[in-house]
Every structure is written in structure tokens, then in C-alpha cells.
Amino acid sequence: MGNEWFYKSLSIKEGLKPGSKHFQYFFVVSEGEQKKCNYCVWIEDEVLSQFDPAEDFNAILESHRGDWSKWVKGKIDQEDFRNVVLKFDKEGHKEMGLNKMDTKLSME
């Protein structure tokens with residue numbers, strides 16, 4: 001995982017899924033050594049160019065990471081510790097449980 005930061009009493013480790021050809025950015029929320037949940041930002045390939053014309057993952061992160069960090073803080077403030085994905089596709093964006101995704105998401 002790339003970065004680690006703290007919010008309230010929680011540790012948040014974040015980073016792109018290693019080796020993924022698709023945009024999958026994870027926030028792993030832990031309390032001490034105990035993992036509480038995963039939040040994931042998933043951008044479908046068909047809409048990547050809306051985030052960056054070159055579809056460059058690093059450029060997308062630079063311009064949107066702050067918004068996604070605020071989303072994570074909001075989930076924590078709501079005490080919503082479900083495993084959730086914020087999915088962007090041609091219809092817009094929506095939140096859904098990771099277990100509802102057609103493709104299984106994990107950090108591996």
C-alpha cells in the first residue's frame with residue numbers, strides 16, 4: 001500500500017491494487033492491528049478518459065485523491081464500516097457493497 005494516514009483513532013492505508021490493469025484504489029481502515037473495512041474506488045475502463053484524457057492512473061490520483069479521502073472520512077464519521085466500493089461507470093457513480101460487485105475485488 002502506498003500512503004498511510006490517520007483519522008480519529010483509525011489508520012488508513014491506501015493505494016492502487018498492485019498489478020491491476022483497471023483502476024482500483026483501496027483504502028484499508030484499521031484500528032490498531034484490527035482491520036475494520038475496505039473502501040474502494042473503482043473506475044470502469046470506459047470512463048477513465050473522463051478523469052484524465054491519457055487515462056494515466058497517477059494523474060487521476062493527483063486530481064481526485066482529496067475528494068476520495070473526504071468520502072472515506074465521511075464513511076468513518078457515519079460509522080459505516082461495511083466494505084464499500086464507489087464505482088464510476090457510464091451511468092455516473094454509485095456506492096455499493098463490495099460483495100455486490102460482479103468482479104470480486106480484493107487487494108491481492
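Worth saying up front: this structure is predicted, and the values here are computed from it rather than measured.

Colleague: Please explain the overall build of the protein as it appears in this structure.
Modeller: Helix and strand counts for the protein come out as two helices and six strands. For the protein, the sequential pattern of α-helices and β-strands runs β-β-β-β-α-α-β-β. If one aligns the C-alpha atoms of the protein with their principal axes, the spans along those axes are about 40 × 25 × 25 Å. Here the protein, with 108 residues, has 46% of them falling under the buried criterion. For the protein, the share of sequence-separated contacts (at least 6 apart) that also reach a separation of at least 24 residues comes to 46%. Only carbon and sulfur atoms are counted for the fraction: they give 44% of the accessible area of the protein, which is about 6500 Å².

Colleague: It is not clear to me how the sheet that holds strand S4 (residues 34-43) should be interpreted in this structure. Could you clarify?
Modeller: Backbone-to-backbone hydrogen bonds join strands into a sheet, with any given pair of strands oriented parallel or antiparallel. The sheet built from six strands is open, its strands ordered S1-S2-S3-S4-S5-S6 with mixed pairing. Strands with a single pairing partner mark the edges of an open sheet, and in this sheet they are strand S1 (3-7) and strand S6 (92-97). Sheet twist, expressed as the average angle between the axes of neighbouring strands with direction ignored, equals 20°. Direction of pairing for S1 relative to strand S2 (residues 10-16): antiparallel, over a ladder of five bridges. Opposite Glu4, over in S2, you have Lys13 as the bridge partner.

Colleague: In this structure, what is going on with the packing of aromatic side chains? I would like to understand it.
Modeller: Enumeration over the complete set of coordinates arrives at seven aromatic pairs. Judged by centre distance (6.4 Å) and plane angle (25°), the rings of Phe23 and Tyr25 are stacked. Judged by its relative accessible area of 0%, Phe23 falls in the buried class. Residue classification places Tyr25 among the buried positions, given a relative accessible area of 3%.

Colleague: I tried to follow the pattern of salt bridges on my own but got confused; where do I start?
Modeller: Two side chains of opposite charge can pair, provided their charged atoms sit close to one another. For the structure shown, the criterion picks out eight salt bridges. Put simply, Lys75 and Asp80 hold a salt bridge, and the shortest N to O gap is 2.8 Å. Among the residues examined, Lys75 registers a relative accessible area of 5% and is labelled buried. Relative accessible area serves as the criterion here: at 11%, Asp80 is assigned to the buried category.

Definitions and cut-offs
- Residues numbered from 1 in each chain as written.
- Predicted model: local features only at pLDDT ≥ 70, side-chain atom pairs only at ≥ 80, totals over all residues.
- Heavy atoms only, no water.
- Helix = DSSP H or I, 4+ residues; strand = E, 2+ residues; numbered from the N terminus.
- Buried < 20%, exposed > 50% of the residue type's maximum accessible area, 1.4 Å probe, protein only.
- Contact = heavy atoms within 4.5 Å.
- Areas by Shrake-Rupley, 256 points an atom, 1.4 Å probe, with all protein chains shown as cover.
- Pairing = 2+ DSSP bridges.
- Axes fitted to C-alpha atoms, helices over the stretch in contact; angles between N-to-C directions.
- Phe/Tyr/Trp six-rings, centres within 6.5 Å; stacked < 30°, edge-to-face > 60°.
- Salt bridge = Lys/Arg side-chain N within 4 Å of Asp/Glu carboxyl O.

That is the geometry; function is a separate question.
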